[in-house]
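Okay, here's what each chain looks like letter by letter:
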Amino acid sequence: MYGHIMNGLNKMTKQSEDAMYRIYHEVENKRLRRKFDKQLKKMGTQEKHKHKEIYELWEYALKRVQE
């Protein structure tokens, strides 16, 4: 049921956890939540993102919404 959300969380390293924490706060502080979530949803339908780890998806999405 939550496979798309939990993808990669069981293998999370300290570095990836730190990256997600940093991205979360940057998204919230810059009020990018709506754009960020929309970008993640779009990426969920794209084959090229299928095998990426969650933190990699978050980093890419953040980069895209800041452009």
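So, how was this worked out
Residues numbered from 1 in each chain as written. Predicted model: local features only at pLDDT ≥ 70, side-chain atom pairs only at ≥ 80, totals over all residues. Heavy atoms only, no water. Helix = DSSP H or I, 4+ residues; strand = E, 2+ residues; numbered from the N terminus. Polar contact = N/O pair within 3.5 Å; in protein donor to acceptor, adjacent residues only side chain to side chain. Contact = heavy atoms within 4.5 Å. Salt bridge = Lys/Arg side-chain N within 4 Å of Asp/Glu carboxyl O. Buried < 20%, exposed > 50% of the residue type's maximum accessible area, 1.4 Å probe, protein only. Phe/Tyr/Trp six-rings, centres within 6.5 Å; stacked < 30°, edge-to-face > 60°. Lys NZ or Arg CZ within 6 Å of the ring centre and 35° of its normal.

J.: Give a description of the side chain of His49 that names residues and reports values.
T.: Topologically, His49 is positioned in the loop between helix 3 (33-43) and helix 4 (54-66). A polar contact of 3.1 Å, which involves the side chain of His49, links it to the side chain of Gln46. Here Lys52 takes part through its side chain, which lies 3.1 Å from a polar atom of the side chain of His49. Contact partners of His49, with chain neighbours within four places excluded, come to Met43, Leu57 and Tyr60.

J.: So what's going on with the pattern of salt bridges? Which residues, and what values?
T.: For the structure on display, the rule yields six salt bridges. A salt bridge links Glu26 to Lys30; the nearest nitrogen and oxygen atoms lie 3.2 Å apart. As a salt-bridge pair, Glu28 and Arg33 come within 2.7 Å of each other at their nearest N and O atoms. Accessibility expressed as a relative area gives 27% for Arg33, which makes it partly exposed.

J.: Please give an account of the packing of aromatic side chains that cites residues and values.
T.: In this structure the tally under the stated criterion is one aromatic pair. Between Phe36 and Trp58, the ring centres sit 5.6 Å apart and the planes meet at 90°, which makes this aromatic pair edge-to-face. Highlighted residues: Phe36 in helix 3 and Trp58 in helix 4, separated in sequence by 22 residues. The ring of Tyr60 carries the charged tip of Lys52 above its face, separated from the ring centre by 4.7 Å.

Keep in mind these values describe shape, not function.
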